[in-house]
Every structure is written in C-alpha cells, then in structure tokens.
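Listed here are the chains, written in short residue letters.
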Amino acid sequence: QVQLVESGGGLVQAGGSLRLSCAASGRTFSRTAMGWFRQAPGKEREFVAAIARIGESTFYADSVKGRFTISRDNAKNTVYLQMNSLKPEDTAVYYCAAYFSGSIYVGSSFGYWGQGTQVTVSS
C-alpha cells in the first residue's frame, strides 16, 4: 500500500516557477509508476504528467509540454513536478497518484491519491 502527501503549492505570478513534491510511504514506491493530475474549480480532474518506475519514460499533457518536468528520487520516496512559465490556466489543485493499471492518462488507472496541493497563478 502507498500513502502520498503533496507539498509545495502556493501563489505565484504568471511566468514564475514552482516545484511540487509528493512524499510516498512504504517500500513499494520504487516499483510504482507515478502521476500528477490537477483539478480546477468546476472542472473534472485532468492528467498532467506521469513517470515510469525508474524515470526512463515520462508522459505529459500537451498543455504543459516544454514547461513542466516530472522526476522522481526513489531513494527519497519522492516524486516531483517542476513547473516553469506558469500561466493562470494552470491554477488548480494538484494531486499525485500511484499507478495501478490501465491508461496513464485517466485518473481511474491510479490506485492511490494524495490530498492535493493548491497552485494559484496570478496574471
């Protein structure tokens, strides 16, 4: 079983940067692909990025390609989301999740979720 806790959210100006962290408990982290999703008010949760167990493969939503970078440090049981060139439309609650099965682009494929961290980008 995996328990996830996100941190690093906050309020930043458009064009700024922010790094989110997701700390995972247990010894299963290194064997689990991880993902980031976000949910804006009035909208459904959407895929942001995902990373394979050892970081060889990464996946990004078109809206964040070239701006966001997902990475992981298995020794620290932590996955990161570096967000650069932030835009107001990036404002949302960001969740990290542990992959279970199915398409990495849909939330139902992830079996464990963190509580979320708020990211607000002002114009």
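Residues numbered from 1 in each chain as written. Predicted model: local features only at pLDDT ≥ 70, side-chain atom pairs only at ≥ 80, totals over all residues. Heavy atoms only, no water.

Participant: What am I meant to see in the environment of valine 93 here?
Facilitator: Inspection of the secondary structure puts valine 93 in strand E9 (residues 92–99). Linking valine 93 and isoleucine 51, residues 42 residues apart in sequence, is a C-alpha distance of 19 Å. In contact with valine 93, not counting residues within four places along its chain, are Phe37, Arg38, Gln39, Gly116, Thr117 and Gln118. (Helix = DSSP H or I, 4+ residues; strand = E, 2+ residues; numbered from the N terminus. Contact = heavy atoms within 4.5 Å.)

Participant: Whenever I open this one, the sheet that holds strand E8 (residues 78–83) confuses me. Can you help?
Facilitator: As a general point, the strands of a sheet are linked pairwise by backbone hydrogen bonds and lie either parallel or antiparallel. Within the open sheet, the four strands sit side by side as E1-E3-E8-E7. Their pairing is antiparallel. Each edge of the open sheet carries a strand with a single partner, namely strand E1 (4–7) and strand E7 (68–73). Strand-to-strand twist across the sheet, computed as the mean angle between neighbouring axes with direction ignored, equals 15 degrees. As defined by bridge partners, E7 adjoins E8 across six bridges and the pair is classed as antiparallel. When the sheet's bridge partners are listed, threonine 69 is paired in E8 with glutamine 82. (Pairing = 2+ DSSP bridges. Axes fitted to C-alpha atoms, helices over the stretch in contact; angles between N-to-C directions.)

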